[in-house]
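Topology and contacts: notes
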Amino acid sequence: NECSKQIAKGIMPFLPVFMRAAELAKLIPNIEGEAIDLRQLVEVYVGQCIRQLKFPTGADDLILELFDLDRIFICIDGLDEAAAHQELVEGSIENAVKDAAKSHRHVRMLLSTRKHSYDYSRECLRLLDFSLVHLQPIDKDRRFNMIRARIPHEKVEMFHQQLASIFGESSSVSTTARMSHTNSELMTNPFLLSLMIEVYKKEGAIPTQRVDLYSKQVEGVVSRCIQRRVAEGETNDDLQFGTLTGDAAALSLSIEFLE
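Worth saying up front: this structure is predicted, and the values here are computed from it rather than measured. Going along each chain's sequence as written, the residues are numbered from 1 onward. In keeping with the model being predicted, local features are shown solely for residues with a pLDDT of at least 70 and side-chain atom pairs are shown and tallied solely at 80 or more, while totals for entire chains, interfaces and linings include all residues. Neither water nor hydrogens contribute to the side-chain values; these are computed over all heavy atoms in the structure.

1. Remarks on the sheet that holds strand β3 (residues 108-111)
Applied cut-off: Strands were regarded as paired on the criterion that DSSP finds at least two bridges between them. Starting at the N terminus, helices and strands are each numbered in turn, a helix being any DSSP run of H or I of at least four residues and a strand any DSSP run of E of at least two. To get an axis, fit a line to the C-alpha atoms, keeping to the stretch in contact for a helix; angles then go from 0 to 180 degrees between the N-to-C directions. Note on contacts: a residue pair qualifies if any of its non-hydrogen atoms lie within 4.5 Å across the two residues.
Taken together, three strands build an open sheet; the order of strands is β1-β2-β3 and the sheet is parallel. Unpaired on one side and paired on the other, β1 (15-20) and β3 mark the two borders of the sheet. For this sheet, the mean angle separating the axes of adjacent strands, direction not counted, is 15 degrees. On top of the sheet, helix α3 (residues 38-51) reaches β1, β2 (72-77) and β3; it is set at about 85 degrees to β1, its chief contact.

Have a look at this one:
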């Protein structure tokens with residue numbers, strides 16, 4: 001794969017690794033020992049992805065090597081969904097940050113969680129080294145403006161119709177009424193709505209599953225990067241882009257959105 005090719009050329013790639021806390025919680029009982037570190041969490045999660053054919057065989061060795069070289073960006077989504085294992089997961093994160101600080105290394109990490117859970121973790125003196133970014137929901141007017149600004153006028157109505165179909169709303173209701181009564185995270189989260197718009201513009205259809213939404217958009221991100229670099233004069237042999245699938249895709253989108 002592309003990461004292996006880069007390493008062979010002496011280039012250290014930078015790999016995003018996206019993990020769902022709810023899935024981590026199911027895997028933690030399989031880890032031996034009382035103390036669990038962040039590297040073990042990455043190892044067991046990647047191993048599960050290989051068994052599910054989301055990652056190719058051998059990806060675990062490569063990802064752990066990059067972990068040891070501080071060349072991965074870890075994203076843990078839904079930290080509060082780790083349930084009974086949340087404290088353990090947060091403890092492994094805390095220890096990784098402290099160990100890295102002592103040895104003047106870097107831990108690159110992005111966490112998502114609900115506010116009440118974050119507040120509780122802070123009260124327990126966990127996650128104190130992380131900066132808080134609160135993603136506010138968008139209201140109806142801003143949602144309309146966002147859609148009108150990004151989608152050609154002649155395609156806006158079809159976009160609304162697909163949304164209505166996904167959310168199970170009656171097509172007989174006017175577009176304005178349908179949109180105002182939609183109370184879904186996909187409609188109030190500016191990041192997710194932005195992804196839906198971009199995928200719709202490219203594919204002409206909105207994925208019904210969030211994981212498909214991420215996967216489709218990351219293909220667009222990689223494609224744009226390749227086109228930009230080709231325009232700058234690089235040949236196909238010079239390009240260092242691999243194809244990210246499944247969970248890895250979502251983090252790439254998070255990075256692009258934050259930039």
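2. Looking at the packing of α3 against helix α4 (residues 59-68)
Test applied: Every angle not falling under 35 degrees, over 145, or within 65 to 115 is termed oblique; those three ranges are roughly parallel, roughly antiparallel and roughly perpendicular. Two helices cross in a left-handed way if the nearer one is turned anticlockwise from the farther one by less than a right angle. They cross in a right-handed way if the turn is clockwise.
Relative orientation of the contacting elements α3 and α4 amounts to 155 degrees, with a least axis distance of 9 Å. Judged on the interaxial angle alone, α4 and α3 are roughly antiparallel. Seen along the crossing, α3 lies across α4 with a hand that is right-handed. Across the interface between the two elements, Leu38, Arg39, Val42, Glu43, Val46 and Ile50 of α3 pack against Ala59, Asp60, Ile63, Leu64, Phe67 and Asp68 of α4.

3. What to know about unusual backbone geometry
Note the following rule: Only protein chains enter the area calculation, which uses a 1.4 Å probe; residues under 20% of their type maximum are buried, those over 50% are exposed, and those in between are partly exposed.
You will see that Asp70, though not glycine, has its phi angle at about 60 degrees, which is positive. Relative to the elements of secondary structure, Asp70 occurs in the loop between α4 and β2. The exposure class of Asp70 is buried, given its relative accessible area of 16%. If you check the backbone angles, Leu125 has positive phi at about 65 degrees while not being a glycine. Looking at the element boundaries, Leu125 is found in the loop between α6 (115-123) and α7 (140-150).

4. Focus: the packing of α7 against helix α11 (residues 190-203)
Our working rule: Side-chain classes are defined by residue name, with Ala, Val, Leu, Ile, Met, Phe, Trp, Tyr, Cys and Pro counting as nonpolar, Asp, Glu, Lys and Arg as charged, and the others, Gly among them, as polar.
It is the contact of α7 with α11, at a shortest axis distance of 11 Å, that shows an interaxial angle of 25 degrees. Comparing the axis directions of α7 and α11 gives the class roughly parallel. The crossing of α7 and α11 is right-handed. For the pair α7 and α11, contact is made by Arg143, Met146, Ile147 and Arg150 and by Pro190, Leu193, Ser194, Ile197, Glu198 and Lys201, respectively. Here the residues of the contact of α7 with α11 are counted per class, giving five nonpolar, one polar and four charged.

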